[in-house]
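# Structural description and commentary
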Amino acid sequence: MEPLTINRKESKLRVAPEWADVCFTCGTCAGGCPVTGVDGMDPRKAVRMAALGLDQELIDSRFPWICTLCGRCEYACPQGVEILKMMRRARSLRERDKVPGPIHKGVAMCLERGNNLGIPKDDFLFLLADLSKEMDEDEGFPGFYAPVDKKGANILVTVNSKEPFGEPDDMKFWWRIFYAAREDWTTTSTEWEGVNWGLFSGDDEAMKEVTGRIVKHLEELECSTLLLPE
Amino acid sequence: MKTFGEAFFEEPRWVTQQCCENYVEMHPNRMNNFCCGAGGGAWAMPYDAERIYYGRIKAQQIMDTNAKMVIAPCHNCRDQIMKGLTKEFDLGIETKYLWELVADSLVIEPWTEEEIKKANELRDAQYERDEIDLDEEW
């Protein structure tokens, strides 16, 4: 085995060797974590791995992805060890083509086509109009329609792409509330994705881009409030 | 647990209580609560067995309430509880989004003819701009 260099500069997880002293190894984190024991891991062991220079082993393990980043461990830690930051950093350092599941593909799709599932603009607009017609004519909401790119609307609403893709009627819950409240709202024809998967895949650059699009919409459409129903 | 460094614990509870007469808490709750198991992208991860194992605590919390319906303020929680935990742990419970509960509880004051007419005009202008023709086959 190669000798390990343990110092702040060498640590990929940006963990200082002082952590080895800061962490009492009390196990409060592990005691409150629902996935303690999975793959023989727990938050305490993850912290030890980082403190002892086993960065790559942690990055290559499944644990940072089985962890849901809920933060219960960090909340309970009597020493204030930043376990969440370390776990997400471990995700960031995973090679992008080895990010488990579809989340990195979703991020790449969102950057390229404006939403995680690649739903084309025409299909999206037609779907909104079709669902609106159902509400207007058949479901007791006469006059309802889904406003798109409406300048000066009070609320800008983002969309979770799973809904137009697979559960379109679920979009009507919010629409019914807007109808009852006579709310002046809008969504956008493109780049309406509200699910910022860069948060989960550990991709800060992508997160910034996707967030920036929403800010740009808010400014261009002069909306005063953002509703991100995630 | 603290979105944007701020804990919004009471707001969704207040909203839920406006819609339901008999509201019960899970235990533990708020900062001491447990994640459903689908957070942090875990709903989309290829680790289904681990996700269900994670959710066993949430399933037990739900069962202990004896409630008929569970309210989720998040897409992932809702999917995990409704499509994952309910089946795996035989919870026999209905799951709704918080905003679905609100939508189902609305008492709507009917729009006036004037309001409907104005909305129809705005809609027609938008559909013309976006070239939406609902009668067109696609």
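### Topic: the sheet that holds strand β2 (residues 185-186) of chain A
Residue and element names in this part refer to chain A. Pairing is parallel in the open sheet, where 3 strands are placed in the order β2-β1-β3. Strand pairing shows two members of the sheet lacking a second neighbour, β2 and β3 (225-227), which therefore form its edges. Along the sheet, helix α13 (residues 204-221) makes contact with β1 (155-157), β2 and β3, crossing β1 at roughly 145 degrees.

### Topic: the interface of chain B and chain A
Quoted interface sizes are often the accessible area lost when the parts come together. Taken together, the contacts link 56 residues of chain B with 50 residues of chain A. Between chain B and chain A the total buried area reaches about 4700 Å² when both faces are included, carbon and sulfur atoms providing 63% of it. Looking at the side of chain B facing chain A, the largest losses of area belong to Tyr54, Trp99 and Trp111 of chain B, adding up to 14% of the total buried there. Summed over the shared surface of chain B and chain A, the result is 8 salt bridges. Residue Arg78 of chain B pairs with Glu167 of chain A through a salt bridge whose shortest N-O separation is 3.3 Å. At the level of secondary structure, the elements contributing two or more residues to the side of chain B that touches chain A comprise α2 (48-65), α3 (75-88), α4 (98-105) and α5 (113-130) of chain B. A per-element tally of the side of chain B that touches chain A places α5 of chain B first, with 10 residues. A per-class count over the side of chain B that touches chain A returns 31 nonpolar, 10 polar and 15 charged.

### So, unusual backbone geometry
A cis amide bond, omega -10 degrees, links His27 of chain B with the succeeding residue Pro28 of chain B. Structurally, Pro28 of chain B can be placed in the loop between α1 (10-19) and α2. A positive phi is found at Asp39 of chain A, a non-glycine position, where the angle reads about 55 degrees. Secondary-structure assignment places Asp39 of chain A in the loop between α2 (28-31) and α3 (43-51). Owing to a relative accessible area of 45%, Asp39 of chain A belongs among the partly exposed residues under this scheme. Even without being glycine, Asp90 of chain B reaches a positive phi, approximately 50 degrees. Here Asp90 of chain B shows up in the loop between α3 and β2 (94-97).

### A short note on the nonpolar core
Residue and element names in this part refer to chain A. Grouped together as the largest cluster of nonpolar side chains are 42 residues, with contacts concentrated most on Leu13, Leu58, Ile83, Met86, Met87 and Ile103. For this core, the secondary structure elements donating two or more residues are α2, α3, α4 (55-60), α5 (63-66), α7 (83-92) and α8 (103-113). Residue contributions to this core peak at 5 residues, all from α3. A domain split of this core shows at least three residues from each of domain 1 (19-94) and domain 2 (103-227).

### Brief notes about the pattern of salt bridges
Summed over the entire model, instances satisfying the criterion amount to 32 salt bridges over all chains. In this structure, Lys172 of chain A engages Glu134 of chain A in a salt bridge whose closest nitrogen and oxygen atoms are separated by 2.6 Å. Residue Lys172 of chain A is located in helix α11 (residues 172-181), and its partner Glu134 of chain A is located in helix α9 (residues 121-138); the two are separated by 38 residues in the primary sequence. Residue classification places Lys172 of chain A among the buried residues on the basis of a relative accessible area of 5%. The exposure class of Glu134 of chain A is partly exposed, given its relative accessible area of 26%. Two residues, Asp136 of chain A and Arg123 of chain B, come together in a salt bridge whose shortest N-O distance is 3.1 Å.

### Comments concerning the domain arrangement of chain A
Residues and elements named next belong to chain A. Entries for chain A in the domain assignment read domain 1 (19-94) and domain 2 (103-227). In this structure, domain 1 and domain 2 have C-alpha centres spaced 35 Å apart. Facing 4 residues of domain 1, the contacting portion of domain 2 comprises 9 residues. Together domain 1 and domain 2 conceal approximately 420 Å² of surface at their shared face, both sides included; 38% is due to carbon and sulfur atoms. Interface area lost by domain 1 to domain 2 is led by Trp65, Arg88 and Arg91, which between them contribute 81%. A salt bridge links Arg88 to Asp204, with the shortest nitrogen-to-oxygen separation between them at 2.8 Å. On inspection of domain 1 and its partner domain 2, the count reaches 5 residue pairs in polar contact (both at pLDDT 80 or more). In terms of residue count, the dominant contributor to the side of domain 1 that touches domain 2 is α7 (3 residues).

The rules we used
Sequence order as written defines residue numbering, which begins from 1 separately in each chain. Numbering of ligands from 1 and lettering of chains from A proceed in the order in which they are written. The predicted origin of the model limits local features to residues at a pLDDT of at least 70 and limits the giving and counting of side-chain atom pairs to 80 or more, whereas totals for whole chains, interfaces and linings rest on all residues. The basis for the side-chain values is all heavy atoms of the structure; hydrogens and waters are excluded. Any two strands are treated as partners once DSSP identifies two or more bridges connecting them. Helix and strand labels come from DSSP, where a helix needs a run of H or I of at least four residues and a strand needs a run of E of at least two; each type is numbered from the N terminus. It only takes one pair of heavy atoms within 4.5 Å for two residues to be counted as in contact. Lines are fitted to the C-alpha atoms to define the axes, a helix being fitted only along its stretch in contact, and any angle between axes, read from their N-to-C directions, falls within 0 to 180 degrees. A quick way to say it: buried area is the sum, across both parts, of accessible area lost when two parts are put together, with a 1.4 Å probe. The term salt bridge refers to a pairing of a side-chain nitrogen on Lys or Arg with a carboxyl oxygen on Asp or Glu at a separation within 4 Å. Under the grouping applied here, Gly and all other residues not named as nonpolar or charged are polar, the nonpolar ones being Ala, Val, Leu, Ile, Met, Phe, Trp, Tyr, Cys and Pro and the charged ones Asp, Glu, Lys and Arg. Working definition: with a 1.4 Å probe on protein chains only, accessible area under 20% of the residue-type maximum means buried, over 50% means exposed, and in between means partly exposed. Nonpolar cores were defined as sets of buried Ala, Val, Leu, Ile, Met, Phe, Trp, Tyr and Cys residues, with membership established by side-chain atoms within 4.5 Å. Delimitation of the domains relies on an automatic or database domain assignment. Residues adjacent in sequence count toward polar contacts only when both atoms are side-chain atoms; beyond that, a polar contact is any pair of N or O atoms within 3.5 Å, and within protein one must be able to donate a hydrogen and the other to accept it.

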